[in-house]
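Structural overview
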Amino acid sequence: MDAIRVGIVGASGRMGRTLIEAALAHHQIRLGAAVERPNSKLLGVDAGDLVGHGNIGVTLVDSLDLVAEDFDVLIDFTNPESSIELIQWCCEHQKPIVIGTTGFNSHQKERIGEYAQDLPIMLAPNMSVGVNLLFKLLETAAEVMGSYTDIEIIEGHHRYKKDAPSGTALKMGEVIADTLGRDLEQCAIYGREGISGERERDTIAFSTIRAGDIVGEHTALFADIGERLEITHKASSRMTFANGAMRASLWLSAQPNGLFDMQNVLGLK
Ligand SMILES: NC(=O)C1=CN([C@@H]2O[C@H](COP(=O)(O)OP(=O)(O)OC[C@H]3O[C@@H](n4cnc5c(N)ncnc54)[C@H](OP(=O)(O)O)[C@@H]3O)[C@@H](O)[C@H]2O)C=CC1
Ligand SMILES: O=C(O)C1=N[C@H](C(=O)O)C[C@H](O)C1
């Protein structure tokens, strides 16, 4: 496969910087563009310098219009409002987009589905291989134990994370609910307080930890009287997500219009 050029939006963010490093290290990927917000103090800084790699001749700019000819696939790890605007731009310019942003509401998800009729879009709340395998394992766990156990999903992230529960935790809930024929909107419990009463068997409950520099930890708990199964994934470096985004970008560059996820990229479905 030929090398592709990626554009990275949110380039100076936690994921943005890691994505720049991953792109610079990948033999089939070139960093074509790096974009930040209009008021960013880092505009004009070289993307290679930003990550301690040395000058690569790609400076941070504040508009995709300035670099439209410089990349083949856009990578977006920003926030939901920004992502929707980026998808619209990508549709107008026919640039496939890899989206790692989380926290979309149902209306925004619907719009992404509509845009995907005219554009290849890869949307995944977690681009690590381990978490996408975990989604598969959850189907089996839910099939075997889900109907009679109490199901809890626990996630932990760094103090700066803005959305809760994490996109990954919500996807874990969706996978389990779908496998059990339940509607997550009807059976989800988001935290407990006070006299919360005995547990209702058919609920799927979420707990959230926000502390320090936790990169990302997710556990699904299937608990019966006498035994419990816990399936846990721990990310220790953002590079696992960034490498997933590189793999996804290469894969997406050869796809037709449509909405894909990381399981498509990894051949897990
Ligand atoms: N799918 C996955 O595998 C993963 C997903 N994520 C998700 O990625 C997203 C970003 O996370 P993280 O990197 O930690 O967050 P950061 O806040 O560190 O980075 C986001 C960056 O995007 C910039 N930004 C926001 N809006 C725009 C815009 N319109 N144009 C250009 N730049 C913009 C921000 O600028 P400013 O600070 O000025 O707002 C910031 O620099 C979150 O939704 C998170 O949940 C994170 C890790 C893995
Ligand atoms: O914000 C983060 O950092 C992460 N967000 C993703 C999510 O919301 O699931 C994935 C990862 O755990 C890191």
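Named according to an unreviewed UniProt entry, the chain is 4-hydroxy-tetrahydrodipicolinate reductase originating from Ferrimonas aestuarii. The record in UniProt for the chain states the following under Function (unreviewed entry): "Catalyzes the conversion of 4-hydroxy-tetrahydrodipicolinate (HTPA) to tetrahydrodipicolinate." According to its UniProt record, the chain has this under Sequence similarities (unreviewed entry): "Belongs to the DapB family."

**Some points on the sheet that holds strand 6 (residues 120–123)**
With parallel pairing, seven strands are arranged side by side in an open sheet as 3-2-1-4-5-6-12. Strands at the two margins of the open sheet, each flanked by one partner only, are strand 3 (60–61) and strand 12 (258–260).

**A word on the site of ligand 1**
Residues in contact with ligand 1 amount to 25 residues; listed here are only the nearest, Gly 10, Gly 13, Met 15, Ser 82 and Gly 100. Per-element accounting of the shell around ligand 1 gives the leading share, three residues, to helix 1 (residues 14–25). When its residues are assigned to classes, the shell around ligand 1 shows eight nonpolar, 14 polar and three charged.

**Description of helix 1**
Helix length check: helix 1, at 12 residues, gives a terminal C-alpha distance of 17 Å against a target of 16 Å (1.5 Å per residue), a fit within 8%. With nine of its 12 residues buried, helix 1 lies for the most part within the structure. Within helix 1 the residues assigned to the buried category are Met 15, Gly 16, Arg 17, Thr 18, Leu 19, Ile 20, Glu 21, Ala 22 and Ala 23. For helix 1, the secondary structure elements touched by its buried residues are strand 1 (4–9), strand 2 (29–35), helix 2 (47–50), strand 4 (73–76) and helix 8 (239–252).

**Concerning the pairing of strand 1**
Most of strand 1 is tucked away: five of the six residues are buried. As paired elements, strand 1 and strand 2 share six bridges and run parallel to each other. Its bridge partner being in strand 2, Arg 5 is matched across the sheet by Arg 30. Crossover strand 1 to strand 2 through helix 1 is right-handed. Here strand 1 pairs with strand 4 via four bridges, running parallel. Within strand 4, the residue paired with Val 6 across the bridge is Val 73.

Rules of the game
Residues numbered from 1 in each chain as written. Chains lettered and ligands numbered in written order. Predicted model: local features only at pLDDT ≥ 70, side-chain atom pairs only at ≥ 80, totals over all residues. UniProt positions renumbered as here; feature names shortened; annotations may be inferred. Pairing = 2+ DSSP bridges. Helix = DSSP H or I, 4+ residues; strand = E, 2+ residues; numbered from the N terminus. Near = placed C-beta within 6 Å. Nonpolar A, V, L, I, M, F, W, Y, C, P; charged D, E, K, R; others polar. Expected span 1.5 Å × (residues − 1). Buried ≥ 20, exposed ≤ 12 C-beta atoms within 10 Å, placed from the backbone. Contact = placed C-beta atoms within 7 Å. Right-handed = clockwise from strand over helix to strand, strands pointing away.

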